[in-house]
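Structural overview
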Amino acid sequence: MAEFDVDLFVIGGGSGGVRAARIAAGHGARVMIAEEYRMGGTCVIRGCVPKKLFVLGSHVRHEITDAAGFGWTIPTATFDWPTLIANKDKEIARLEAAYTANVEKSGARIVKTRAVFEDAHTLQLLASGETVSAKYVLIATGGAPNHGPKIPGIEHVISSNEAFHLTELPRSILIQGGGYIALEFACIFAGFGSDVTVIYRGDNILRGFDEDVRTHVRREMEQNGITVITGCTVEKVDRHGDEYTSHLSNGSSIASDKVMFAIGRHPCVANLGLEKAGVTINSKNGGIEVDAFSRTSVPNIYAIGDVTNRVNLTPVAIREGHAFADAVFGKRQVKVNHTDIPTAVFCQPEVGTVGLTEIQARERFGRVDIYKTSFKPLKATLSGRDTRILMKLVVDSMTDRVVGCHIVGDAAAEIIQAIAIAIKMKATKADFDATIALHPSTAEELVTMRTPVARHVRQAAE
Ligand SMILES: Cc1cc2nc3c(=O)[nH]c(=O)nc-3n(C[C@H](O)[C@H](O)[C@H](O)COP(=O)(O)OP(=O)(O)OC[C@H]3O[C@@H](n4cnc5c(N)ncnc54)[C@H](O)[C@@H]3O)c2cc1C
């Protein structure tokens, strides 16, 4: 008789957990995976996928407006929020079923319950009270929205979780936060016609992104009618019937139909019984402490994805889950490389970025060249839209390697995925220059920028 009920118990049926369960089962392991909410996790149920569907829907407004310059007369368009929500829900349910079917097809067994540790090898399934023993455990419980300090009226505030299920489109919404989720929702609601105000405590939105990107995105968002107030926080929210008043730290107040906070996310480590298993939390980032192979402080327990708070993106969680399963059950040790991960912000216009910002490159390298251009897209010449594209390359001029690429403009995410391959392959500026442009396109500017706009040389310390 086997020593344990299963070889692997996965806690969490999100992007990382599902990949790990399927790959481990494919290697012959007996796998059980617990999900307390819906299979697919944040990305599929209340993250990337429904968000991108909203982005695509809200973009239609721009297309309709832009069409006039190309000769189109479009009768007054109307938008029906409940139709969008119903169609989105149908697609998410289809994806959830596909995730479930794929896991079952791999041979792993799904249990629809919250699972918590009794000890390092024993899990309790809260739905039934049953216990299951496992040789290995993978913690893939993901993250959840922060609500911030308990300000008066916090119970009136929604997060991105609820934003996906509003019964009607708010006429106005105040969104606190300056990160990618806040800005994406700001542009989504503005695109559908809501009056949007963004409140952010820092001096500019998109902290951590290249400074030129931050300035450019803010200008474009303001150009699209979104009010951005920085250096300020929401201190109190009052409800008056169906309307809310947010009182700001600058002394002013703003009335809106909805108030949403998108002020960061935290790893789901609470009430998991981690202390019973002996799993250590990383004191710096609040996630589960892991090494480069996703091993926790307990030899048979691993953790991947957002619960480790390393790089909180779906493809990263998937890659970490796959690497874990290959290492433990496939005898193939793979270390996930967390550098040069391309990422996007699906605001409007969107941001695509990979590698180092100008500031990071200057800290790391002695000589840095900056190539940058900002121009009106061809489409805007006829549509009349007041918008500009930003393209920027950051080059370590000692080696000529392109170490960063930042784009703001339509299709930036699609472009940056391909550029990320070049950067991963350590392409040089000379390689970019040797590539013949594809004309007429936006991306051709990336291979036609000849002269640096700035050259930073670090002075040797005295
Ligand atoms: C609004 C939004 C937009 C996003 N957009 C993007 C994007 O465009 N691109 C991108 O790459 N990333 C995006 N992300 C981030 C992405 O969704 C996450 O990085 C990814 O889902 C992490 O996967 P995971 O497997 O670590 O965790 P999750 O996908 O969060 O899965 C964890 C699962 O564990 C379950 N669970 C938790 N505790 C237990 C327990 N004790 N027992 C049983 N089940 C449990 C949860 O219910 C959940 O289903 C977005 C996130 C949000 C919120």
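Before reading on, note that the structure itself is shown above.
Quick caveat: nothing in here was measured; it's all calculated off a predicted structure.

Residue position: N282 is located in the loop between α8 (274-277) and β16 (301-303). Among all residues touching N282, those that are not within four sequence positions of it are G287, I288 and E289.

This paragraph deals with helix α9 (residues 314-329). Between its first and last C-alpha atoms α9 spans 22 Å; for 16 residues at 1.5 Å apiece the expected length is 22 Å, and the two agree. All of the buried residues along α9 are T314, V316, A317, E320, G321, A323, F324, A325, D326, V328 and F329. Considering only its buried residues, α9 is in contact with β1 (6-11), α1 (15-26), α2 (41-46), α3 (48-67), β6 (131-139) and β16. Of the residues flanking the end of α9, it is K331, one or two places downstream, whose phi is positive at about 55°.

The subject of this paragraph is the environment of Y200. Here Y200 is to be found in strand β9 (residues 195-200). Put simply, Y200 and G177 are 23 residues apart on the chain and 5.1 Å apart in space, counted from C-alpha to C-alpha. Not counting chain neighbours up to four residues away, the residues in contact with Y200 comprise G177, G178, I205, R207, I229, T230, G231 and C232.

Taken in spatial order, the three strands make up an open sheet running β11-β12-β13, and their pairing is antiparallel. Only two strands of the sheet have a single partner each, and these edge strands are β11 (234-240) and β13 (253-256). The average angle at which neighbouring strand axes cross in this sheet is 20°, direction not considered.

Once that is clear, we can look at the nonpolar core. Counting 40 residues, the largest nonpolar core has F189 and V217 as its most contacted members. Other than its neighbours up to four places away in sequence, V217 contacts L183, I205, L206, C347, V351 and V408. Ranked by size, the runner-up nonpolar core spans 25 residues in total, among them A34, L123, I139 and L274.

Let us now look at the pairing of strand β2 (residues 31-34). The two faces of β2 match: V31 and I33 on one face and M32 and A34 on the other face are all buried. Inspection of the sheet shows β1 paired to β2 by four bridges, in the parallel sense. Its bridge partner being in β2, I11 is matched across the sheet by A34. For the crossover from β1 across α1 to β2, the handedness is right-handed. The sheet contact formed by β2 and strand β3 (residues 109-111) spans three bridges and is parallel. Counted as the bridge partner of A34 is V111 from β3.

The parallel open sheet is built from four strands, whose spatial order is β10-β9-β8-β14. With partners counted over all chains shown, the strands left at the sheet margins are β10 (227-230) and β14 (258-261), one partner each. Ignoring which end each strand starts from, the neighbouring axes of this sheet average 15° apart. One ladder, built from four bridges, connects strand β8 (residues 172-176) with β14; its direction is parallel. Across the sheet, the residue bridging to I175 is M260, located in β14.

Conventions adopted
- Each chain has its residues counted from 1, following the order in which its sequence is written.
- Selection of residues for local features in this predicted model requires a pLDDT of at least 70, selection of side-chain atom pairs for listing and counting requires 80 or more, and totals for whole chains, interfaces and linings are taken over all residues.
- Only hydrogens and water are set aside when side-chain values are computed; all heavy atoms of the structure are taken into account.
- The secondary structure listing takes helices from DSSP runs of H or I that are at least 4 residues long and strands from runs of E that are at least 2 residues long, numbered from the N terminus.
- Between two residues, a contact is recorded if the distance between any of their heavy atoms is within 4.5 Å.
- A helix is expected to span 1.5 Å multiplied by its residue count minus one.
- Note on exposure labels: buried denotes an accessible area under 20% of the residue type's maximum, exposed denotes more than 50%, and partly exposed covers the range between, all computed with a 1.4 Å probe on protein chains only.
- Being paired, for any two strands, means DSSP has found at least two bridges between them.
- Here an axis means a line fitted to C-alpha atoms, over the contact stretch when the element is a helix, while the angle between two N-to-C directions is reported on a 0 to 180 degree scale.
- Side-chain atoms within 4.5 Å are what join buried Ala, Val, Leu, Ile, Met, Phe, Trp, Tyr and Cys residues into a set we call a nonpolar core.
- With the strands pointing away from the viewer, any crossover whose connection runs clockwise from the first strand over the helix to the second is right-handed.

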